[in-house]
Each structure stands twice: as structure tokens, then as C-alpha cells.
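Topology and contacts: notes
Residues per chain, in single letters:
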Amino acid sequence: MNLSLYTLAVVWGVVAGFVTRIRMLESDYRQYPTYPHGHVIHLALGLIAAALGAVAVPALMQKDYTAITFLTVAAQQFRDVRNMERQMLTNLDELELVPRGKNYIEGIAMVFEGRNYIVIFAAFLTSLSVVIFHYWWVGALVGLAILFLSGFLMSGKVIYDIAEVEVAPLRIEGASLYVQDIYLMNIGLEDNRKRILENGIGILITPRQASGRVTIGNVGQRQAILHDVSTILGVYRDTGEPALTPLAKRDLKDGRLGILLLPQEKDVERAVEIVKNVPVLESAIRKPSKMPKELRKRWESA
């Protein structure tokens, strides 16, 4: 009886974990993971993670506590996967016309490591529910619930959640380029000035609160915005043209962010929507408003 029960627990745990990994696997405009080879790698790792989580329950029920050591080894292996993803994306980033940036790469690597742990957790809970309640359909319900919740773990904040995004005029005074009233850079050649005014799009990002002001001021977050727009709309530049480079600069007085975009396809409305939906990087999130009460009182009284 126990053997068949444990077998059902392992089978349903593996199924729930693997389906959860499929649910969280997606190739979007960033084209990562690549299809089909990148999918094969991550699905294989997901299957291994699901098997580890599912087998852990019967092993612990049989007081085989060496199963914990396997989970520890698996955690180290997934950490190595994170390092591998980071190294590979860093090497690829050197060949991008508009790089992702180190913060964006670290975020992608961290997500792929974290999702393997979610798979282990899903398989473990599903297997545990089958063993406790002695019914496979209970495990199926738990697996479906975790599958539903995994959708929320795939989502996070975007730029529009923390700031207003709008089109702003590009203007040149002498050799200086501005987005509205925010200075961007000095452009020496007249030909480059004309091409920027003809093909460029100015975007103004205004933070809604202090936390958003610090977040969009992060250099990695700015680079993520430029990369996403350039990936979707293309970029009007080639190697050896430093003047034709998308750029983001902030107003030091109020924290607004002025952005110069040079898309291959000049679609202003679409560019605004893309910027609004750029993910907020976890490494860029700051919450200065959450300072301890004692420090806040000292700061306000100073």
C-alpha cells in the first residue's frame, strides 16, 4: 500500500513541478531562453528539480534523511546554473549595439535560478499532499493551485507603476542636445544633429514618489529601458558611431529622466508603451521612504 502511495506521490509531484516549469518558461522579445535549444536546457533542469522535490517526501517519510543532502547539492547546482547564465549573457552583451547592462543580466540569471526552486517547492507540496490525504486528486488540486500562483511569480512591477511616461520634444541649442529642458550631450557634427532630430524620439519619465525617483536614477535601470526599446523597434545606428547612441540622463533637481531613443522604426506611440512596460529591475528597487522611524525623526529634525 505504501509503495503504491509513494509511487503516486512521486509521479504527481514530478508532473506538477514539470508543468509549473513549462508554465514559467517563455521566450519573448528578448529571445531568451532561445528556442528550441534554450528551452530544452531549462526544461531538463526543471524535470530534475521536480524529481528532487517529489522524491524528498517519500524519503523523509521513510526516515531517509540523506535526501536532505541531495537537496543541498541540487541548490549548489542551480547556483552554478545562475553563474553559467550570467557568464553567457555577459559575453553576448558585448556584441549588442545597445547592451542589456549588468543589472539586467543579473536579474535574468537570478530569475532562472529562482524558478528551479519554485519547481522543487511545487513538486514537494504536491507529493506531500498525496501522502497525507491518500488521494491522488488532492495532489492534483494542490498542483493546479501552485500552477495558478506561479503566474503571479512571473509578473513584477513595470516603469508605469512607479512613474509617468510621456513624449517630450528634442531640441538643439548650439551643439547641445536637450529632451525638453534636460541636457543630454554635446553633438559636434551638423550631420549627426540632423539625423538625431529626424530619427530620434524624446521620452520624459517623471517619478511619482521618492522611491521611484531613486529607482529610475539607477544606471542599470536606464540601460534596461534603452535596450528593450532598441530590441523591439530596432536602433538607428551601427558600430563606430558614438553620437548615434540612445541615451538617458536625469534632471538633478527633481529626478526626472530624459531619454533619447533612436529606433529603426519611428513609432512614437509604440515607443511610449514599450517604455511603460519595461520591467523594474529587482537590483534597482530602492525604498528610501521605508527608513526606520528613529532615523526619519532625526532626518526631519535636522
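Above this text is the structure in question.
Residues numbered from 1 in each chain as written. Predicted model: local features only at pLDDT ≥ 70, side-chain atom pairs only at ≥ 80, totals over all residues. Heavy atoms only, no water.

What follows deals with the overall build of the protein. Each helix and strand in the protein was counted, giving 11 helices and seven strands. Relative to the 2.2 N^0.38 estimate, which gives 19 Å for 302 residues, the radius of gyration of the protein is 24 Å and therefore markedly larger than a compact globule would have. By principal-axis analysis of the C-alpha atoms, the protein measures approximately 85 × 55 × 30 Å. For the protein, the proportion of its 302 residues judged to be buried stands at 43%. (Helix = DSSP H or I, 4+ residues; strand = E, 2+ residues; numbered from the N terminus. Rg over C-alpha atoms; globule rule 2.2 N^0.38 Å. Buried < 20%, exposed > 50% of the residue type's maximum accessible area, 1.4 Å probe, protein only.)

Spatial ordering of the open sheet is given by S1-S5-S7-S6, a layout of four strands whose pairing is antiparallel. The open sheet has two edge strands with one neighbour each: strand S1 (163–167) and strand S6 (247–250). Across the sheet, the axes of successive neighbouring strands diverge by a mean angle of 20°, strand direction being ignored. Strand direction decides the pairing type here: S1 and strand S5 (residues 201–207), joined by five bridges, are antiparallel. Note that in S5 the partner of Val165 across the bridge is Ile205. Where helix H9 (residues 219–233) meets the sheet, its contacts fall on S5, S6 and strand S7 (257–261), and the angle it forms with S7 comes to roughly 30°. (Pairing = 2+ DSSP bridges. Axes fitted to C-alpha atoms, helices over the stretch in contact; angles between N-to-C directions. Contact = heavy atoms within 4.5 Å.)

Turning our eyes to something else, we now look at the environment of Asp64. Along the polypeptide, Asp64 turns up in the loop between helix H2 (37–61) and helix H3 (67–93). On the basis of relative accessibility, which here comes to 37%, the residue Asp64 falls in the partly exposed class. With 26 residues separating them in the primary sequence, Asp64 and Thr90 have C-alpha atoms 41 Å apart.

For S5, the buried fraction is high: six of the seven residues fall into the buried class. Sheet analysis places S5 next to S7, joined by five bridges and oriented antiparallel. Its bridge partner lying in S7, Gly202 is registered against Leu260.

What follows covers the packing of aromatic side chains. Considering all chains together, one arrives at four aromatic pairs under this definition. Their ring planes at 15° and their centres at 5.2 Å tell us that Trp12 and Trp136 sit as a pair that is stacked. Taken as a pair, Trp12 in helix H1 (residues 2–24) and Trp136 in helix H5 (residues 136–154) lie far apart in primary sequence, 124 residues in all. By relative accessible area, which is 25% here, Trp12 ends up partly exposed. Its relative accessible area of 44% is what places Trp136 among the partly exposed residues. Sitting over the ring of Tyr160, Arg208 keeps its end group 4.9 Å from the ring centre. (Phe/Tyr/Trp six-rings, centres within 6.5 Å; stacked < 30°, edge-to-face > 60°. Lys NZ or Arg CZ within 6 Å of the ring centre and 35° of its normal.)

This brings us to the sheet that holds strand S2 (residues 170–173). Here three strands make up an open sheet; going across it, the order is S2-S3-S4 and the pairing antiparallel. If you trace the sheet from one side to the other, it starts and ends with S2 and strand S4 (182–186), each paired once. Each adjacent strand pair in this sheet contributes to an overall mean axis angle of 30°, direction not counted. In terms of strand pairing, strand S3 (residues 176–179) meets S4 through four bridges, oriented antiparallel. Bridge pairing links Val179 to Ile182 in S4. Its contacts with the sheet put helix H7 (residues 190–199) on S2, S3 and S4, and the angle it makes with S2 is roughly 160°.

Here the focus is the nonpolar core. Within the largest apolar cluster, 24 residues are counted, with the highest numbers of intra-cluster contacts made by Ile203, Ile205, Ile225, Ile259, Leu261 and Val275. Filtering out sequence-adjacent residues up to four positions away, Ile203 remains in contact with Val165, Glu166, Val167, Ala168, Val179, Leu257, Gly258, Ile259, Leu261, Val272 and Val275. (Core = buried A, V, L, I, M, F, W, Y, C linked by side-chain atoms within 4.5 Å.)

Okay, the side chain of Asn116 next. Locating Asn116 in the fold gives a position in helix H4 (residues 102–133). Under the relative-accessibility criterion, Asn116 is labelled buried at 2%. When residues no more than four places from it in sequence are discounted, the contact partners of Asn116 are Arg21, Leu45, Gly46, Ala49 and Phe78.

Let us look at the pairing of S6. As paired elements, S6 and S7 share four bridges and run antiparallel to each other. Bridging across to S7, Ala248 finds its partner in Ile259. Between S6 and S7, which pair antiparallel and follow one another directly, the connecting turn spans six residues, one of which, Gly255, has a positive phi of 85°.

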